[in-house]
Amino acid sequence: MAMRRRWEIKQPDELHVLQSAQMQAISWIGAYLGEAGNPRNLEIVDAGQAFLKPERLKQREALYLASANDPAQHMRVATNHNDRVLGLLYGTQTPNQQELQSLYVDPEYFGTGVAIDLVEDFIDWSDPERPIELSVVDDNYRAQAFYRRMGFTAVEAPPRPVKAFGKVFKHLYEIDMVREV
Ligand SMILES: CC(C)(COP(=O)(O)OP(=O)(O)OC[C@H]1O[C@@H](n2cnc3c(N)ncnc32)[C@H](O)[C@@H]1OP(=O)(O)O)[C@@H](O)C(=O)NCCC(=O)NCCS
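Note on numbering: residues in each chain are counted from 1, in written sequence order. Since the coordinates come from a predicted model, pLDDT governs what is reported: local features require at least 70, and pairs of side-chain atoms require 80 or more to be given and counted, while whole-chain, interface and lining totals use all residues.

**Overview of the environment of Pro128**
Argument step 1. Positionally, Pro128 belongs in the loop between helix 4 (114-125) and strand 5 (132-137).
Argument step 2. The sequence separation of Pro128 and Glu180 amounts to 52 residues, and the corresponding C-alpha distance is 9.3 Å. Helix numbers and strand numbers start at the N terminus; a helix is a DSSP run of H or I with at least 4 residues, a strand a run of E with at least 2.

**Overview of the site of the ligand**
Argument step 1. Taken together, 17 residues form the shell around the ligand, and within it Val105, Phe110, Ala115, Tyr141 and Ala145 come nearest.
Argument step 2. Looking at the shell around the ligand, the elements with two or more residues in it are helix 1 (17-32), strand 4 (98-105), helix 4 and helix 5 (141-149).
Argument step 3. It is helix 5 that contributes the most residues to the shell around the ligand, six residues altogether.
Argument step 4. Residues are sorted three ways: Asp, Glu, Lys and Arg are charged, Ala, Val, Leu, Ile, Met, Phe, Trp, Tyr, Cys and Pro are nonpolar, and all the rest, Gly among them, are polar. Among the residues making up the shell around the ligand, the classes are represented as 12 nonpolar, three polar and two charged. Nearness here has a simple definition: the residue's C-beta atom, placed using the backbone, must lie within 6 Å of the molecule or strand.

**What about the nonpolar core?**
Argument step 1. In plain words, the nonpolar core is the set of buried Ala, Val, Leu, Ile, Met, Phe, Trp, Tyr and Cys residues that C-beta atoms within 7 Å link up. Any residue with 12 or fewer other C-beta atoms within 10 Å of its own C-beta is exposed, any with 20 or more is buried, and the rest are partly exposed; the C-beta atoms used are placed from the backbone. Ranked by size, the top nonpolar core spans 34 residues in total, and within it Leu88, Leu89, Leu103, Val114, Leu118 and Leu134 carry the most contacts.
Argument step 2. For this core, the secondary structure elements donating two or more residues are helix 1, strand 2 (73-79), strand 3 (85-93), strand 4, helix 4, strand 5 and strand 8 (167-179).
Argument step 3. Excluding anything up to four places from it in sequence, Leu88 contacts Ser20, Met23, Gln24, Val77 and Tyr104. With C-beta atoms placed from the backbone, a contact is any residue pair whose C-beta atoms sit within 7 Å.

**Comments concerning unusual backbone geometry**
It is generally the case that most residues other than glycine have a negative phi and that most peptide bonds are trans.
Argument step 1. For Asp83, which is not a glycine, the phi torsion comes out positive at approximately 65 degrees.
Argument step 2. When you line up the elements, Asp83 lands in the loop between strand 2 and strand 3.
Argument step 3. Notably, Phe165 is not glycine yet its phi reads approximately 55 degrees, a positive angle.
Argument step 4. By the element assignment, Phe165 lies in the loop between strand 7 (160-164) and strand 8.
Argument step 5. Looking at Phe165, the number of C-beta atoms within 10 Å reads 12, which means it is exposed.

**Focus on the environment of Glu156**
Argument step 1. Residue placement: Glu156 occurs in the loop between strand 6 (153-154) and strand 7.
Argument step 2. A tally of 7 C-beta atoms within 10 Å means that Glu156 is categorised as exposed.
Argument step 3. Between the C-alpha atoms of Glu156 and Asp106, which are 50 residues apart in sequence, the distance is 30 Å.

**Brief notes about the pairing of strand 2**
Argument step 1. By the criterion of burial, strand 2 is predominantly enclosed, with six of the seven residues buried.
Argument step 2. Strands pair, by our definition, only if DSSP identifies at least two bridges between them. By the bridge criterion, three bridges tie strand 1 (residues 8-10) to strand 2 in an arrangement that is antiparallel. Its bridge partner lying in strand 2, Ile9 is registered against Ala78.
Argument step 3. The antiparallel hairpin formed by strand 2 and strand 3 contains five residues in its connecting segment, where Asp83 sits at a positive phi of about 65 degrees.

**Description of the packing of helix 1 against helix 2 (residues 41-50)**
Argument step 1. Running from N to C, helix 1 and helix 2 point in directions that differ by 170 degrees, and their axes come no closer than 8 Å. Considering the angle they form, helix 1 stands roughly antiparallel to helix 2. Together, Ala25, Trp28, Ile29 and Tyr32 of helix 1 and Ile44, Val45, Ala47, Gly48 and Gln49 of helix 2 make up the contact between the two elements.
Argument step 2. Residue composition of the contact of helix 1 with helix 2, grouped by class: seven nonpolar, two polar and no charged. Every angle, taken between N-to-C directions, lies between 0 and 180 degrees, and every axis is a line fitted to C-alpha atoms, over only the stretch in contact when it is a helix. Orientation categories follow fixed angle ranges, with anything under 35 degrees roughly parallel, anything over 145 roughly antiparallel, 65 to 115 roughly perpendicular, and all other angles oblique.

**Quick word on the packing of helix 1 against helix 3 (residues 54-68)**
Argument step 1. Interaxial distance between helix 1 and helix 3 falls to 10 Å at its minimum, and their mutual angle equals 115 degrees. It follows that helix 1 is roughly perpendicular to helix 3 by the angle criterion. Regarding helix 1 and helix 3, the two cross each other, and that crossing is right-handed. Only Leu57, Arg60, Glu61 and Tyr64 of helix 3 make contact with helix 1, whose side of the interface consists of Val17, Leu18 and Ala21.
Argument step 2. Here the residues of the contact of helix 1 with helix 3 are counted per class, giving five nonpolar, no polar and two charged. Working rule for handedness: look at the near helix, and if it is turned counterclockwise from the far one by less than a right angle, call the crossing left-handed; if clockwise, right-handed.

Pasting the structure below:
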């Protein structure tokens, strides 16, 4: 007998706003916080807390609602039977680029297949005639290993400072990866 899936992949709505922001904050801090004394820790914690600011929650809610009616945006959460958010993926298409913008999984669900299902669902949605691009922090080796398994390869270029959430990070650098057609 086939094993029943323990999660569902779906478009989020206003009920998922706070929980997905909390999950993303924890996943972000877990991925990027360095050893004690690492100069980047302050900006990582600041950015992690910023996920929970009221204005950012409002923006998130607006994005969840707008993306539901926009065929160029793919916003999905993985939820369990209690509607708890286990993972989040956001991808977009523009005339120039098809991009996986963000992917976060609850650390309790690392290695369970939630991330695989979110990315496979995104690949199913994407245009198979065009590459899929993404950026990933240069020392986020877990994410890079995961993306390699999903068919992405690193683009040869020097890492550049991460620009995200309206700021340029001083101590966080990213590289690009691409999943060719
Ligand atoms: C990136 C992410 C979505 C991947 O999901 P996941 O469930 O952890 O992925 P998996 O466990 O299926 O795969 C991780 C791979 O990294 C490997 N890995 C784990 N730790 C590693 C490390 N420190 N260095 C190198 N590889 C590592 C695992 O062995 C596994 O590879 P394998 O299956 O070939 O053995 C998830 O880890 C996450 O949400 N991370 C925090 C947020 C983040 O980094 N998002 C991506 C931003 S672009």
